[in-house]
Amino acid sequence: MTDAARRDALVERITSDTRRVTVLSAPAGYGKTTLLSQCHARWREGDVAVAWYSADDSRFEADQFFAYVMAALHRAGLPLPYSADAIAAGLPGLAVDAAARAVVVALEASEEPVRLIVDDYHRIASPTLDGFLDYVIERMPDHAAIVLALRGTPGIALARLRVRGQLLHLEQDDIRFTDAEMLAVLGGEAEKVDSAEVIARTQGWPAALQLLRLWLEGRDRVEALTHLTRRSSDLADYLAEQVFADLSPDVQAFLLETSVAERICAGLGTAITGREDSAALLDGLRRRNTLVTSLDEEGTWLRVHPLLREFLSDRLDVLHGERRDELHLNAATWLAGQNLLSEALDHAARMADRNAALRIMETAGGWQVALRGGSALLRHLDAEGAVCAETYPRVTLGRAYLAAQEGRLATARALLDRLMAVRPLDKVEQADPGLAVQIVCNDLVTHIYEDRPIPDGHVAFLRRRLDAPSADPVLGVLIRHLTCLAHFDRGDMAWCRVEADSARKLARVHNLPLIEVYAHQYLGLAQLRAGHRREAELFFRRGLELARRNFGEGSVQVAVAIVLLAHTRYLAGDLSSATDLLETTLPLIEQGEGWHEVFFAG
């Protein structure tokens, strides 16, 4: 064993622990046996008796397990009520309760601490053996402990042990190599690859690192580790033999088809594969530790190890390559329905059908996605080239909105004029009032960005829509917000505040953070126009908090909020604070925001 493969910190954690049971749960190739070997050596240095049994699933019977455990205890020097010859003969017919009592008696009779190790327990696990271990664990003396290593989760009474504080349970994330250990295992080969990519691709999987080290030997610097399972036959063979072959045909098929997704949950799994048992299959994968990792505390979303997913994707191409577009479409459609549009569009972009992303975005509401997720998602649309405005009016509005946001006002105006030429507003209002509201919204916002008065026709339209019932609550909120903008444009600050406050409350109810942020900002601007600087600053600060919470630092929404806040500090004579606020945000505003009021404030 090389020094690089030593796990001293983990060995110390296990061997110094005094709890009754230690469970090592991790997939194939995580070095469980190697780790236990190092623990065995450490225990023996401390005069701990160690009995070790490595399970073998070939023609296994329960009484064989009892005999093997007895043999391991006998080799460790513990007194047993059976002769060496009887143990060697396999103790045929030995009952479970009798075997369990014999083990407890032997552990009690030991004059030194004892550790009973059962490696690869998943190969032989059964309700009978789980019950045997539960009996021994419950009754064995305090100086004894049992260590189980397996690929899944054992069926013993883990919950009871955990509540009593008698369980040390180490899983995949606990056993994986640390970043430093990964590079140490690669040794001199680490200089040939990007260390960050090694960490991201292997995620501390010991077997993958050992195989990667062998693959790198004799090679010059490797620029990227993409398609590693294709380039390293050893790694592909290991995944095929030690991971994939160990799965049932149903699980194999499920993993192959869902390999198109970077993360998976039961609903997405059902959408991609059409299987109604996706939840059960994912739960089984999680319990078996089949190189899957939970991405949240509830275990709703899972991610397959990058190298296993790459292996599965390659095999999907070989076996069912013609179905890849179908699988991506299934995933994209479901994700769009869950408002996970970024992931939906990523799937659509991987399809041969160029219009798939356009159809998904049109169905999702086009530019309306910005109301919930900011304008970043709309950038997918700019990559699609020319778009038929008549076929995809909401997508066209999305492109116009993004162009206006980024200060490309000529482009925004051209897109809107083209749309209103093929879809006249008066006809759209009769046939599709919701789309009409969206057209007016984008045209009105673009007028504001162009620093042009809002057309009288738009004001009249908003008055009509305020009085008309709307089945879509988002459009109702939007109409309130647009009415606020129209009042602000015409200098009616009192009604601007009334409509902004109404839009703010409704936006919170319907989870529309972008409108809620804008409502706070217009409330602040209205107060500022009325000469109430302190009140304006309060609204700007609340808008900034909301922007940070929903869109994150570095977003245009946060930058806008900071500029408006800086403007109030400037008006208060606090030039130092105003300058500090503007230093990092003004460049972002210049690149990604075309709002005239914000430019003026900045």
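See the structure above.
Thresholds, definitions, all that
- Residues numbered from 1 in each chain as written.
- Predicted model: local features only at pLDDT ≥ 70, side-chain atom pairs only at ≥ 80, totals over all residues.
- Heavy atoms only, no water.
- Helix = DSSP H or I, 4+ residues; strand = E, 2+ residues; numbered from the N terminus.
- Buried < 20%, exposed > 50% of the residue type's maximum accessible area, 1.4 Å probe, protein only.
- Contact = heavy atoms within 4.5 Å.
- Polar contact = N/O pair within 3.5 Å; in protein donor to acceptor, adjacent residues only side chain to side chain.
- Expected span 1.5 Å × (residues − 1).
- Arc of directions from axis to C-beta.
- Axes fitted to C-alpha atoms, helices over the stretch in contact; angles between N-to-C directions.
- Parallel < 35°, antiparallel > 145°, perpendicular 65-115°, else oblique.
- Left-handed = near helix turned anticlockwise from the far one by under 90°.
- Nonpolar A, V, L, I, M, F, W, Y, C, P; charged D, E, K, R; others polar.
- Phe/Tyr/Trp six-rings, centres within 6.5 Å; stacked < 30°, edge-to-face > 60°.

**Overview of the environment of Gln338**
Item 1. By the secondary structure assignment, Gln338 is in the loop between α18 (324-337) and α19 (341-349).
Item 2. For Gln338, a relative accessible area of 44% translates into the label partly exposed.
Item 3. Along the primary structure Gln338 and Leu268 are separated by 70 residues, whereas in three dimensions their C-alpha atoms are 9.8 Å apart.

**Some words on the environment of Glu343**
Item 1. Inspection of the secondary structure puts Glu343 in helix α19.
Item 2. A residue is classified by how much of its surface remains accessible, and Glu343, at 24% relative accessible area, is partly exposed.
Item 3. As for Glu343 and Ala261, which are separated by 82 residues in sequence, their C-alpha atoms are 8.8 Å apart.
Item 4. Discounting residues that sit within four places of it in the chain, Glu343 has contacts with Arg263 and Leu335.
Item 5. One polar contact links Glu343 to Arg263, side chain to side chain, over a distance of 2.7 Å.

**As for the environment of Leu186**
Item 1. Note that Leu186 resides in helix α9 (residues 179-186).
Item 2. As for Leu186 and Leu212, which are separated by 26 residues in sequence, their C-alpha atoms are 7.8 Å apart.
Item 3. Each residue touching Leu186, except ones within four places of it in the same chain, is listed here: Val193, Val198, Leu209, Leu212 and Arg213.

**Thoughts on helix α24 (residues 409-422)**
Item 1. With 14 residues, α24 ought to run about 20 Å at 1.5 Å a step, and its terminal C-alpha atoms sit 20 Å apart, in line with that.
Item 2. Of all the positions in α24, only Ala412, Arg413, Leu415, Leu416 and Leu419 are classed as buried. End-on, the buried residues of α24 take up no more than an arc of 165 degrees, which puts them together on one face. α24 presents Ala410 and Ala421 as exposed residues on the side facing more than 90 degrees away from its buried surface.
Item 3. The inward-facing, buried residues of α24 contact α23 (393-405) and α26 (433-449).

**A closer look at helix α1 (residues 8-15)**
Item 1. Listed as buried for α1 are Leu10, Val11, Ile14 and Thr15. Along the axis of α1, the buried residues cluster in a sector spanning 120 degrees; they form a single face.

**Quick look at the side chain of Glu537**
Item 1. Summarising the element assignment, Glu537 is placed in helix α31 (residues 533-551).
Item 2. For Glu537, the side chain forms a polar contact with the side chain of Arg569, separated by 2.9 Å.
Item 3. What Glu537 contacts, discounting residues up to four positions off in sequence, is Leu565, Thr568 and Arg569.

**Digging into the packing of helix α28 (residues 473-489) against helix α30 (residues 513-529)**
Item 1. Running from N to C, α28 and α30 point in directions that differ by 20 degrees, and their axes come no closer than 11 Å. Judged by the inter-axis angle, α28 sits roughly parallel to α30. Crossing handedness for the pair α28 and α30: left-handed. Residues Val477, Leu478, His481, Cys484, Leu485 and Phe488 of α28 lie in contact with α30, whose contacting residues are Ile515, Tyr518, Tyr522, Leu525, Ala526 and Arg529.
Item 2. Counted by class, the contact of α28 with α30 contains 10 nonpolar, 1 polar and 1 charged residues.

**Details of the packing of aromatic side chains**
To describe a pair of aromatic rings, one takes the distance between the centres and the angle between the planes.
Item 1. Throughout the structure, instances matching the rule amount to 8 aromatic pairs.
Item 2. With centroids separated by 5.8 Å and ring planes inclined at 70 degrees, the aromatic side chains of Phe244 and Phe311 adopt a geometry described as edge-to-face. Separated by 67 residues along the polypeptide, Phe244 in the loop between α13 (233-243) and α14 (249-258) and Phe311 in helix α17 (residues 306-320) bring together distant segments of the chain. Summarising the burial analysis for this pair, Phe244 and Phe311 share the class buried.
Item 3. Three or more aromatic residues link up through ring pairs in this structure, and these residues are Tyr53, Phe65, Tyr68 and Phe132.

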